[in-house]
Amino acid sequence: MSPGSRRSRSTAHDIERYAALFAQRTKVMKSSAMRDLMALTERADVISLAGGLPDTSTFPAESYASLMTTVAAESCARALQYGPTEGLALVKRCIVEVMQAEGMEVDADEVLVTTGGQQVIDLVCKTLLDPGDVVVTEGPTYPGAVPTFSAYQADVVQVTMDRDGMRTDELEATLEALETAGRRPKFIYTVPNFHNPAGVTLSLERRRELVRIAAERELLVLEDNPYGLLRYEGSPLPTLRSLDDEFVIYASTFSKILSPGVRLGWTAAPAPVLAKMNIGKAASDLCSSSLSQYFVSAYFDAGPWENYVRSLIEIYRRRRDVMLDALAEHFPREAEWTHPQGGLFIWATLPDYIDTTDLLARALEQHVAFVPGRAAYLDGRGGSSMRLNFSGVDEELIREGIRRLGEVVREQVALYGTLTGAGPAPSRAARPAAPQPAAEESELAKVLRLPAQRSRAR
Amino acid sequence: MRVAVLKGGRSLERQVSLKSGARVEDALERLGHEVVAIDVGADLVERLTEERPDLAFVALHGRDGEDGTVQELLEVMGIAYTGSGVSSCIRASDKVLAKHAMLDAGIPTPDFFAFNETAFRELGAAQALPAIEERLEFPIVVKPASQGSALGIKFARTAADVPSALVAAFSYDRKVLLERHIDGRDLAVSVIDDQPDDAGAAQSGEAGCRARGKSAAPRALPIVEAVPEQEDFYDFEARYEIGRTRFVCPAELPEGVAERARSVALDVYRLLGCRGFARVDLMLGEPDDSGAARDGEDGCRAHSGLFVLEVNPIPGLTETSLLPQAADAAGIGFDELIERIVGAVEVTVK
């Protein structure tokens, strides 16, 4: 490398040198073709059903300006300063309020403010896991938890889900089998409400089962509940924490009810666990942003926070319905998908001869994207499933995105039929129930004008 | 010199290209050039017209950048550019065209059959699958004709795997090939053009008025062997992630074998009319590897188990890419490599 170069990049020799320095845990970090493909989903001309983005465009700019003015006028120096690791009292007050809205009573000193809900997953792993320790979770699991589990070299065991969430009978059998093998999992990770990515909700009966199983075996449960307040139909179910506060570590976030940009989440956990997590957090980032905490506090002071959540629910419910309708219209009968009562995601499963990672390449040609199912498994399963997000783009784009995706899926189904002789090469004109636009019109549809960069800045 | 670095683009290898491009930009700046970075998109022609570079450094991989499309545009605009010309790019980036050219020239390449979607949809090619399977023997490699990296490449271990492998490969391209699997070592031979002292303008193998390179003698660099740490196949992930693949350079090979590999690589480089640089990927099977010795009727036996898989007209230039590693092993640092690639192009500075 030439001396004095402004930016220096490594040569082949250096790669080898760095590689020798990397921790063992980096070798199991998942990174993939998928990540490179996913980068393409962010292009402005792609209808991305891949993100998990809340729609922040409806938050009034005037409110934002006025909140920031309040923070500047009343707490400028403090907002610009470090804060306590566990979080500022004034934001814990907001957290207590939100948890009350979900039927939980909690004291401020049981709460640790974190940098997004994601940090809770990291801190729980940091606190509980030695390399090779077992974590039990749903299959599929939250794709964002996968790199965290991998970074801590966890041995992740995934339990099947059905429309009522994680199958507790299989969970119990799995725990039995692990015990027989002389292994005790450290914790069970679950998203009980409107699961990401599966879109299903853990039934009340199974919630009771889950906390019973955990309590009997003295296992911790990490209950990740970012979407609980985004319910579009049905009645709320009690959180696991409200059924048992001895073995449940509760995690939630302001990301879906206010803004992911403030990067504020929290955990409420049994005191000894919380104390260790606090130490872990201090090592990671000392404290979460004071500025964000003052902003959130000012927001809660300014008026009922539930109003904005209600407006989001209206928007997301319509988008979910549009996506469900579009799936019914455009996807082939061989496909199936979940019907979420809330949250942001639908999980669709195609025939097992379709690999959704490869399908994504074809979909990107049609300028539409999703998350391939494999991202939600650590054991290679999920190859024929996909996660579809309905919160991040508007209704027209959802309709168009699903139409294009449906076309690509149908093509593959038809091709497979041709290859296996399972069916005559069906024309692309599809089912009678779903009349296709005339050829010309369909070509035109592909050049539908997209609002440039609209969703990028979010 | 004012150099436009073309990178990114719309191909599936966009991320890799952005990394290649960034390293090239740094090197060019260190070499004293004025650099204009262009993320290739709908405004490419506009940007080039505006920027009026003396030279375009094409650091694109995959569709558009490596298949002759961007090169054709540069020809139209009269802008000199690095790397192979339109015709070589077209032939090299299409594995089927490249393999046919190799077969015709007696260069060993694994036995294969290629079809486009129409053959299956409209001509009943599926009926021919059993015959193909019998001929190639399992496992069979199924791959899209044009994709770079290893995206869309599947191993079919039984007849039941073939249809879904084809569906996957057709996700990337309208044309796919089924290829005999060579069990062996994964070798990459990078080739660069050495400049003779006189910069006499000779034709690069491209037609008439098209871009010219200086007269050059291609030279094979030390061979890199890629040894995957975990996967049973040298896949896309391993290819770009530090620490996932062990690279041995120069590969530990008997000198005779290494010499033959370099010689085969140079043959292919010349055959396809490559210019400036390229990377030839080969498999080294057992010398008596049944498959090809039997099927390669014309002299393939002489190559003792070496088979050319493909030629990459614009191989990666990232930190973990093989060409920079090979150059490094030959004592050519990254900056010098870039200087040579640029030097191989005849440029009239405006």
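For clarity, every value in this text was computed on a predicted model and none was experimentally measured.

Reading the values: rules and limits
- Residues numbered from 1 in each chain as written.
- Chains lettered and ligands numbered in written order.
- Predicted model: local features only at pLDDT ≥ 70, side-chain atom pairs only at ≥ 80, totals over all residues.
- Core = buried A, V, L, I, M, F, W, Y, C linked by C-beta atoms within 7 Å.
- Buried ≥ 20, exposed ≤ 12 C-beta atoms within 10 Å, placed from the backbone.
- Helix = DSSP H or I, 4+ residues; strand = E, 2+ residues; numbered from the N terminus.
- Contact = placed C-beta atoms within 7 Å.
- Domains from an automatic or database assignment.
- Axes fitted to C-alpha atoms, helices over the stretch in contact; angles between N-to-C directions.
- Parallel < 35°, antiparallel > 145°, perpendicular 65-115°, else oblique.
- Left-handed = near helix turned anticlockwise from the far one by under 90°.
- Nonpolar A, V, L, I, M, F, W, Y, C, P; charged D, E, K, R; others polar.
- Pairing = 2+ DSSP bridges.

**Student:** Talk me through the nonpolar core; I want residue IDs and the actual numbers.
**Tutor:** One finds Val221(A), Phe370(A) and Val142(B) to be the most contacted residues of the largest nonpolar core, which totals 140 residues. Broken down by element, the residue count for this core peaks at nine residues, all from helix H15 (residues 395-420) of chain A. Setting aside its immediate chain neighbours within four residues, Phe370(A) contacts Leu49(A), Ala50(A), Leu360(A), Ala363(A), Met386(A), Arg387(A), Leu388(A) and Leu405(A).

**Student:** Describe the domain arrangement of chain A, listing the residues and the values that go with them.
**Tutor:** Residues and elements named next belong to chain A. Each assigned domain of chain A is listed with its residue range as follows: domain 1 (28-53 + 308-446) and domain 2 (73-302). Put simply, the middle of domain 1 and the middle of domain 2, counted by C-alpha atoms, are 29 Å apart. Taken together, the contact pairs 30 residues of domain 1 with 29 residues of domain 2. Counting residues per element, the ones that place at least two in the side of domain 1 that touches domain 2 are helix H13 (306-330) and strand E11 (345-349). For the side of domain 1 that touches domain 2, the leading source of residues is H13, giving seven residues.

**Student:** Describe the packing of H13(A) against H15(A), listing the residues and the values that go with them.
**Tutor:** All names here are of chain A. Put simply, H13 and H15 touch, their axes get as near as 9 Å, and they point 25° apart. The pairing of H13 with H15 is recorded here as roughly parallel in orientation. You can see that H13 and H15 cross each other, and the crossing is right-handed. Within the contact between the two elements, H13 uses Arg318, Arg319, Val322, Met323, Ala326, Leu327 and His330 and H15 uses Glu395, Ile398, Arg399, Ile402, Arg403 and Gly406. Looking at the contact of H13 with H15 residue by residue, the classes come out as six nonpolar, two polar and five charged.

**Student:** Residue-level account of the sheet that holds strand E8 (residues 248-253) of chain A, with values.
**Tutor:** All names here are of chain A. If you walk across this open sheet you meet the eight strands as E2-E9-E8-E7-E6-E3-E4-E5, and the pairing is mixed. The outermost strands of the open sheet, each flanked by one partner alone, are strand E2 (111-114) and strand E5 (165-166). Strand direction decides the pairing type here: strand E3 (residues 134-139) and strand E4 (residues 155-162), joined by six bridges, are parallel. Along E4, the bridge assignment pairs threonine 137 with glutamine 158. Relative to the sheet, helix H11 (residues 271-285) contacts E2, E8 and strand E9 (265-268), its axis offset from that of E2 by approximately 25°.

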